[in-house]
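If you want the building blocks of each chain, they are given just below.
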Amino acid sequence: MKLYIKFMVSLRCKLLVKEELEKLGLHYVVLDLGMVDVLEDISQEQREKLKLNLLKSGLELLDDKKSILIDKIKNVIIEMIHYTDELPKVNYSDYISEKLDYDYTYLSNIFSEVKGTTIQQFIIMHKIERVKELLLYDELNLTEISYKLHYSSVAHLSNQFKKVTGLSPTYFRQLKQKRKGNLENL
């Protein structure tokens, strides 16, 4: 039986869900971001307990089909951008459609209807968050980050970064250096 869990986007969340399942004596086959495949049928009482315990930790057991699909879309995007070293070589729309086995237009319409934003805007927001992480790690230069996240050019990345954050990537990185300097002077 598949269960879908909202806000389950990290290893810590996965460990928390695993712990809650063990408390209820439930066994799973697959435990992935946003989804767990449980071996047994779950009683209504177990489902309610799991739902309540997950809520205490900021996670939400999903029941509604649209919410489940939206969560799947978000998890595919988050996994694609934050947890894989190489972004797919195909269009994001093809990748998401193929991964979820739905027509992209259908996914896009549902996502926009429920979230009030497009899948493309959601992807851009996450790519910019990833750029921020990479800038803060200070291991890659802007050209390497641009290449890694499949931007057509450094200028395109910079423009998108500035549009979303209000700062240039270079200035963002300098802020980190200033904060570090200020801390060392304490």
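Keep in mind that what you see is a predicted model, and the values were worked out from it rather than measured. (Residues numbered from 1 in each chain as written. Predicted model: local features only at pLDDT ≥ 70, side-chain atom pairs only at ≥ 80, totals over all residues. Heavy atoms only, no water.)

**Comments concerning unusual backbone geometry**
A positive phi is found at Phe7, a non-glycine position, where the angle reads about 75°. Among the structural elements, Phe7 can be located in the loop between strand E1 (2–6) and helix H1 (11–23). Even without being a glycine, His150 presents a positive backbone phi close to 60°. As for its placement among the helices and strands, His150 is situated in the loop between helix H7 (142–148) and helix H8 (154–165). Classification of His150 by relative accessible area gives partly exposed; the value is 33%. (Helix = DSSP H or I, 4+ residues; strand = E, 2+ residues; numbered from the N terminus. Buried < 20%, exposed > 50% of the residue type's maximum accessible area, 1.4 Å probe, protein only.)

**Quick word on helix H4 (residues 92–100)**
Two residues of an α-helix separated by three or four positions point the same way, owing to the 3.6 residues in each turn. The complete set of buried residues in H4 reads Tyr92, Ile96, Ser97 and Leu100. The buried residues of H4 occupy an angular sector of 130° when the element is viewed end-on, so they sit on one face. Where H4 is buried, its residues contact helix H3 (65–82), helix H5 (104–115) and helix H6 (119–137). In the stretch just after H4, Asp101 is the one whose phi turns positive, near 60°. (Arc of directions from axis to C-beta. Contact = heavy atoms within 4.5 Å.)

**Examining the pairing of E1**
Looking at chain direction, E1 and strand E3 (residues 35–38) are connected through three bridges and run antiparallel. In the sheet register, Lys2 faces E3, and the bridge partner there is Asp37. (Pairing = 2+ DSSP bridges.)

**Quick word on the pairing of E3**
Because side chains alternate across E3, one face comprises the buried residues Met35 and Asp37, and the other comprises Val36 and Val38, equally buried. Bridge count between strand E2 (residues 28–32) and E3: four bridges; the pairing is antiparallel. Paired with Asp32 across the strands is Met35, a residue of E3. In textbook terms, the turn of a hairpin is the stretch between consecutive antiparallel strands, and for E2 and E3 this stretch comprises two residues, one of which, Gly34, has a positive phi near 80°.

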